[in-house]
Amino acid sequence: MPTVRFQSGEMVMGRWPGSNLYYEVKVLRFSPKSQLYTVIYKDGTELELKDQDIKSATGFRTRSRSRSRSRSPARRRSRSRSPARITRRSSSRTAAVAAAAAITESTPNSRRDAKLKDVLEVRLKPLVGGPKTLIIFLFVGAYFWLLFLPAWVLFLLLQVTLVDPSLANFPPPLPPLETLFDGQALGIVLLWTLFQALLYILPVGKLSEGMPLRTGERLKYRTNGFFAIVVSAVAVAAAVYQGVDLTYIHSNFLQLAVASFLGSFLLSVYLYVRSRYVPPDQLALGGNSGNVVYDFFKGHELNPRIKNFDLKFFCEMRPGLIGWCVINFAMALAEMQEQHLEAPSHAMILVNLFQLLYVVDGLWNEEAILTTMDLMHDGFGFMLAFGDLVWVPFTYSLQAYYLVTHPNPLGLPALIAIVAIKLLGFYIFRMSNSQKNAFRRNPSDPKLAHLKTIPTATGKSLLVSGWWGVVRHPNYLGDLIMALAWSLPCGFSHLLPWYYMIYFIILLVHRNSRDMSECRRKYGSAWDEYCQTVRYRIIPGIY
Ligand SMILES: NC(=O)c1ccc[n+]([C@@H]2O[C@H](COP(=O)([O-])OP(=O)(O)OC[C@H]3O[C@@H](n4cnc5c(N)ncnc54)[C@H](OP(=O)(O)O)[C@@H]3O)[C@@H](O)[C@H]2O)c1
Ligand SMILES: CC(C)CCC[C@@H](C)[C@H]1CC[C@H]2C3=C(CC[C@]12C)[C@@]1(C)CC[C@H](O)C(C)(C)[C@@H]1CC3
């Protein structure tokens with residue numbers, strides 16, 4: 001019978017999962033069944049840790065006191081800012097590996113002590129107001145977003161049908177509730193999702209490995225998204241050729257959105273229920289608060305799978321994303337019908353091509369999604385399910401919908417300028433995402449040997465030159481420039497086609513700060529050093 005080394009209420013040092021960083025935590029309880037300790041961090045995060053991930057606080061304190069001579073703020077500052085810590089790629093790997101090894105408890109050398117110092121300095125700051133305030137805030141937030149997000153989509157979809165979709169016409173007239181649900185629309189949404197699921201499971205294309213999980217395991221993903229969009233395009237073209245009226249999507253947009261919402265809601269219920277039965281090491285950090293609504297919204301399980309079918313990856317990359325392009329295409333056909341045109345307008349063609357390029361690029365580089373925040377860290381719950389299956393297809397296509405009844409003729413100079421903006425944004429977006437993806441997959445890739453990096457205590461390094469040396473999120477910058485090019489073809493008569501741009505700025509600013517605090521936790525002083533070297537977050541010289 002294993003002994004319980006730590007008692008409830010005891011202050012100990014807990015390893016942050018997936019890293020070698022130790023934080024001061026309080027033991028809440030021990031479960032003899034799972035052999036796990038539930039601990040609480042200073043920011044209120046509760047986690048379950050294995051015995052080997054907990055050290056007694058006394059051991060750490062003794063060690064830190066014995067180093068107290070070298071801990072003067074002046075020395076600390078000079079060491080962490082020293083340019084010598086920014087290494088060339090060739091030496092950084094060795095440094096990173098050494099750093100990782102250095103913090104292993106049983107390695108008695110001076111480098112270990114130096115690294116341990118970093119580790120101890122990365123203490124979570126207690127939040128102003130304490131964990132209770134934060135928790136109440138988060139819970140209330142979850143209730144709010146759960147109601148607000150569907151209501152907001154409904155509002156947007158009602159606005160876009162108006163001749164004058166301005167805020168002056170608020171609230172837009174609500175159609176009778178019984179007309180919102182339509183069995184045929186539900187059938188179409190189900191068929192589409194099943195068709196995408198079939199393409200996903202076909203043994204075509206590469207099997208890619210995800211990033212290592214906390215357990216060290218690497219999941220395999222079938223990255224055949226490009227194949228899926230090509231087959232989907234052929235299927236849609238064949239259907240149109242056979243006389244299927246795709247403008248049905250335009251005239252039944254609200255019903256299709258409601259059907260997708262029902263699907264995403266039922267999926268989220270399933271995800272929540274199954275998350276209660278999976279082992280703790282398969283849960284995301286966060287989303288395990290114990291509050292049903294919060295956990296349902298945020299998502300609890302990191303990589304929910306049915307056999308090899310990865311639900312999060314599938315939903316993020318397939319039905320909604322490819323569906324968005326089909327909707328755009330349907331809007332082009334609807335525009336021709338409504339405005340008696342022989343071909344779609346220039347503005348409609350630009351919006352269609354730009355967004356198609358974005359989706360095709362995402363699917364072509366599908367493997368890169370495996371190193372993004374959503375795939376690596378976030379649980380799969382209502383927020384992402386709704387985002388992937390409703391938000392993306394039905395709100396990202398608003399510009400095309402808007403153009404159906406709001407023509408905006410474009411002259412040649414405007415056309416050229418808009419295309420140039422799109423290409424610039426795309427170039428920045430693609431190059432920066434590929435650079436980070438290549439680096440994360442193979443830090444010793446010879447093509448990246450010229451880049452400077454900062455080693456971190458976790459064994460991973462941070463790029464500090466190249467695209468990731470210009471700003472901290474060059475990929476967001478490129479994405480925002482592209483978003484501008486998607487709105488410009490719609491002109492300036494209404495705010496509605498600019499909605500995506502506004503939403504996207506808010507989303508990316510929020511994601512950026514979420515990512516910054518996550519990286520601060522993971523990488524500690526190395527992250528501070530990166531931020532001191534790369535001063536701007538998204539827009540060079542401005543933000
Ligand atoms: N259209 C949309 O609605 C939409 C919405 C959101 C995002 N996006 C796009 O999706 C893509 C992915 O975005 P994301 O939010 O997941 O963030 P991301 O920028 O792809 O990933 C952030 C992660 O990159 C790593 N990283 C950060 N700085 C680094 C550096 N200097 N060197 C090496 N690695 C570094 C860190 O993870 P590790 O260190 O743990 O590897 C960090 O957590 C972006 O292009 C974004 O524009 C699109
Ligand atoms: C307010 C909420 C409902 C917000 C929900 C956010 C999600 C809709 C986004 C979060 C991550 C996003 C994302 C893409 C689409 C939108 C999200 C799922 C993406 C798949 C779009 C294509 C790109 O090429 C991409 C693969 C880089 C991208 C990845 C992130």
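Residues numbered from 1 in each chain as written. Chains lettered and ligands numbered in written order. Predicted model: local features only at pLDDT ≥ 70, side-chain atom pairs only at ≥ 80, totals over all residues. Heavy atoms only, no water.

Glancing now at the overall build of the protein chain. Within the protein chain, the regular secondary structure consists of 20 helices and 12 strands. Restricting the contact set of the protein chain to residue pairs at least 6 apart, pairs at least 24 apart contribute 73%. As displayed, the protein chain offers around 25,800 Å² of accessible surface, 66% of which is attributable to carbon and sulfur atoms. (Helix = DSSP H or I, 4+ residues; strand = E, 2+ residues; numbered from the N terminus. Contact = heavy atoms within 4.5 Å. Areas by Shrake-Rupley, 256 points an atom, 1.4 Å probe, with all protein chains shown as cover.)

With that out of the way, let us pick up the site of ligand 1. If you check the shell around ligand 1, you find 27 residues, and the closest are Tyr396, Tyr476, Asp479, Asp515 and Tyr523. Met373 places a main-chain nitrogen or oxygen 2.9 Å from an oxygen atom of ligand 1. In the model, an oxygen atom of ligand 1 is placed 2.5 Å from a nitrogen or oxygen of the Arg440 side chain. Surface burial for ligand 1 is 93%, taken as the share of its 920 Å² of free accessible area covered by protein chains. For the shell around ligand 1, the class distribution of residues is 15 nonpolar, four polar and eight charged. (Near = heavy atom within 4 Å. Polar contact = N/O pair within 3.5 Å; in protein donor to acceptor, adjacent residues only side chain to side chain. Nonpolar A, V, L, I, M, F, W, Y, C, P; charged D, E, K, R; others polar.)

Attention now goes to a nonpolar patch on the surface. Together, Phe265, Leu266, Val269, Val273 and Tyr277 make up a nonpolar patch on the protein surface, roughly 520 Å² of accessible area in all. When you line up the elements, Val273 lands in helix α9 (residues 253–275). (Patch = residues over 30% accessible without salt bridge, like charges linked within 9 Å, V, L, I, M, F, W, Y side chains within 5 Å. Salt bridge = Lys/Arg side-chain N within 4 Å of Asp/Glu carboxyl O.)

This part is about the UniProt feature "transmembrane region" (unreviewed entry) in the protein chain. As annotated in UniProt, the feature "transmembrane region" (unreviewed entry) corresponds to residues 134–163, 183–202, 223–241, 253–273, 380–404, 410–429, 449–468 and 480–509 in the numbering used here. In this annotation, residues 253–273 is assigned 100% helix and 0% strand; the end-to-end C-alpha distance for the span is 30 Å. Taken end to end, residues 449–468 comprises 0% helix and 35% strand; its first and last C-alpha atoms sit 14 Å apart. (UniProt positions renumbered as here; feature names shortened; annotations may be inferred.)

Before going further, it helps to spend a moment on the site of ligand 2. Neighbouring residues of ligand 2: 14 residues in total, closest Gly362, Ile369, Asp374, Asp388 and Arg511. Here ligand 2, which alone exposes 640 Å², has 86% of that area covered by the protein. For the shell around ligand 2, the secondary structure elements donating two or more residues are α11 (311–317), α13 (346–364) and α15 (382–395). Sorting elements by how many residues they give to the shell around ligand 2 places α15 first, with four residues. Along the lines of polarity and charge, the residues of the shell around ligand 2 split into eight nonpolar, two polar and four charged.

With that settled, the discussion passes to the environment of Pro474. Considering the arrangement of structural elements, one finds Pro474 in helix α18 (residues 474–487). As for Pro474 and Arg441, which are separated by 33 residues in sequence, their C-alpha atoms are 19 Å apart. Leave out the neighbours within four places in its chain, and Pro474 touches Ile428, Ser432, Trp467 and Trp468.

Tallied over the entire structure, the rule returns 12 salt bridges. A salt bridge links Arg441 to Glu367; the nearest nitrogen and oxygen atoms lie 4.0 Å apart. With Arg441 in helix α17 (residues 412–441) and Glu367 in the loop between α13 and α14 (373–376), the pair connects residues that are 74 residues apart, well separated along the chain. Exposure remark for Arg441: the relative accessible area of 26% places this residue in the partly exposed category. With its nearest N and O atoms 3.2 Å apart, the salt bridge here joins Arg514 to Asp378. With Arg514 in helix α19 (residues 499–523) and Asp378 in the loop between α14 and α15, this residue pair connects regions lying 136 residues apart in the sequence. According to the relative accessible area criterion, Asp378 is buried, its value standing at 10%. Each member of the salt-bridge network shares a partner with another, and the members are Lys206, Glu367 and Arg441. (Buried < 20%, exposed > 50% of the residue type's maximum accessible area, 1.4 Å probe, protein only.)

Turning our attention to the packing of helix α7 (residues 225–241) against helix α12 (residues 319–338). Axis separation between α7 and α12 bottoms out at 11 Å; the angle between their running directions is 30°. Classified by the angle between their axes, α7 and α12 sit roughly parallel to one another. For the crossing formed where α7 meets α12, the hand is right-handed. Where α7 approaches α12, its residues Ala228, Ile229, Ser232, Val236 and Val240 are matched on the opposing element by Ile322, Cys325, Val326 and Phe329. Taken together, the residues that form the contact of α7 with α12 break down as eight nonpolar, one polar and no charged. (Axes fitted to C-alpha atoms, helices over the stretch in contact; angles between N-to-C directions. Parallel < 35°, antiparallel > 145°, perpendicular 65-115°, else oblique. Left-handed = near helix turned anticlockwise from the far one by under 90°.)

The α-helix advances 3.6 residues per turn, and as a result positions three or four apart in sequence lie on the same side. The terminal C-alpha atoms of α19, which comprises 25 residues, lie 35 Å apart, in line with the 36 Å expected from a rise of 1.5 Å per residue. Among the residues trailing α19, Gly524 stands out with phi positive, at a value near 55°. (Expected span 1.5 Å × (residues − 1).)

Here α7 is 17 residues long and its end C-alpha atoms lie 24 Å apart, about the 24 Å a rise of 1.5 Å per residue gives. For α7, every residue scored as buried is listed here: Gly225, Ala228, Ile229, Ser232 and Val236. The buried residues of α7 occupy an angular sector of 90° when the element is viewed end-on, so they sit on one face. Across from the buried face of α7, at angles greater than 90 degrees, the exposed residues are Val234 and Tyr241. Its buried side turned inward, α7 meets α6 (183–201), β8 (220–223), α12 and α13. Remark: Gly243 follows α7 within two positions and exhibits a positive phi of approximately 100°. (Arc of directions from axis to C-beta.)

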